[in-house]
Amino acid sequence: MAGVHAYQEFKKGTLLLQEGQRADAYYCLDAGMIRSFATNPSGNAITTGFTCPGQIAIEVASLFLGLPTEENMQALTDCRVWKISLEAFQVLFNEIPAFATWGRDWMTQALLTHKLRALRMITETAPERYLRLQEEQPEILKVAPLKYIASYLGITDSSLSRIRKEIRG
């Protein structure tokens, strides 16, 4: 099935998916960075994730269950993506066994990643979470504004500044 991925470019700040919409596709990020975020009851935008080149930006519940999303996906930088519609995904998934295997493997890894993140938000200190992010995804620290990193780590901007200062010595 040729041409199932559509090439798209998004300018910095563009919303790829907005709260209340239903996702109809996912994005393979070729270049740039995407931030996922939700709004808490106080009206604050809380970063829930980052998508870096080579990763997939997807809102699983909305895409596969047809639910309105509670998250937003925004281009943190200018981005180049390959977009695949749910319809094309389903055809590939049903017709190509290797694609189905890849999809299950990807979903398993994504589930594990999200579970570990939830546990680490409870079991690790803020400095430990920062150091883990620095070790596992240093590109986020190079590109994302500190306020987004702080909300992703579950801390205030001033706490993140203090932690960074202490780590530098």
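Quick note: structure is the one above.
Each value, and the rule that gives it
- Residues numbered from 1 in each chain as written.
- Predicted model: local features only at pLDDT ≥ 70, side-chain atom pairs only at ≥ 80, totals over all residues.
- Heavy atoms only, no water.
- Helix = DSSP H or I, 4+ residues; strand = E, 2+ residues; numbered from the N terminus.
- Rg over C-alpha atoms; globule rule 2.2 N^0.38 Å.
- Buried < 20%, exposed > 50% of the residue type's maximum accessible area, 1.4 Å probe, protein only.
- Pairing = 2+ DSSP bridges.

*Asks:* What is the right way to look at the overall build of the protein in this model?
*Replies:* A count of helices and strands for the protein gives seven helices and eight strands. Over its C-alpha trace the protein gives a radius of gyration of 17 Å, about what one expects of a compact globule, namely 15 Å for 169 residues. For the protein, the spread of C-alpha atoms along the three principal axes comes to 55 × 30 × 30 Å. The buried share of the protein, reckoned over its 169 residues, is 37%.

*Asks:* What is the right way to read the pairing of strand S4 (residues 34-39) from this model?
*Replies:* Side-chain direction in a regular strand flips from residue to residue, so the side chains alternate between the two faces of the sheet. The element S4 is largely enclosed, with a buried count of five among its six residues. Bridging between S4 and strand S5 (residues 45-51) involves six bridges; their strand directions are antiparallel. Across the sheet, Ser-36 pairs through a bridge with Gly-49, a residue of S5. Counting the residues that bridge the hairpin from S4 to S5 gives five residues, and of these Gly-43 lies at a positive phi of roughly 90 degrees. Of the strand pairs in this sheet, S4 and strand S7 (residues 72-75) are connected by four bridges, and their pairing is antiparallel. Of the residues in S7, the one forming a bridge with Ile-34 is Ala-75.

What is shown is where atoms sit, not what they do.
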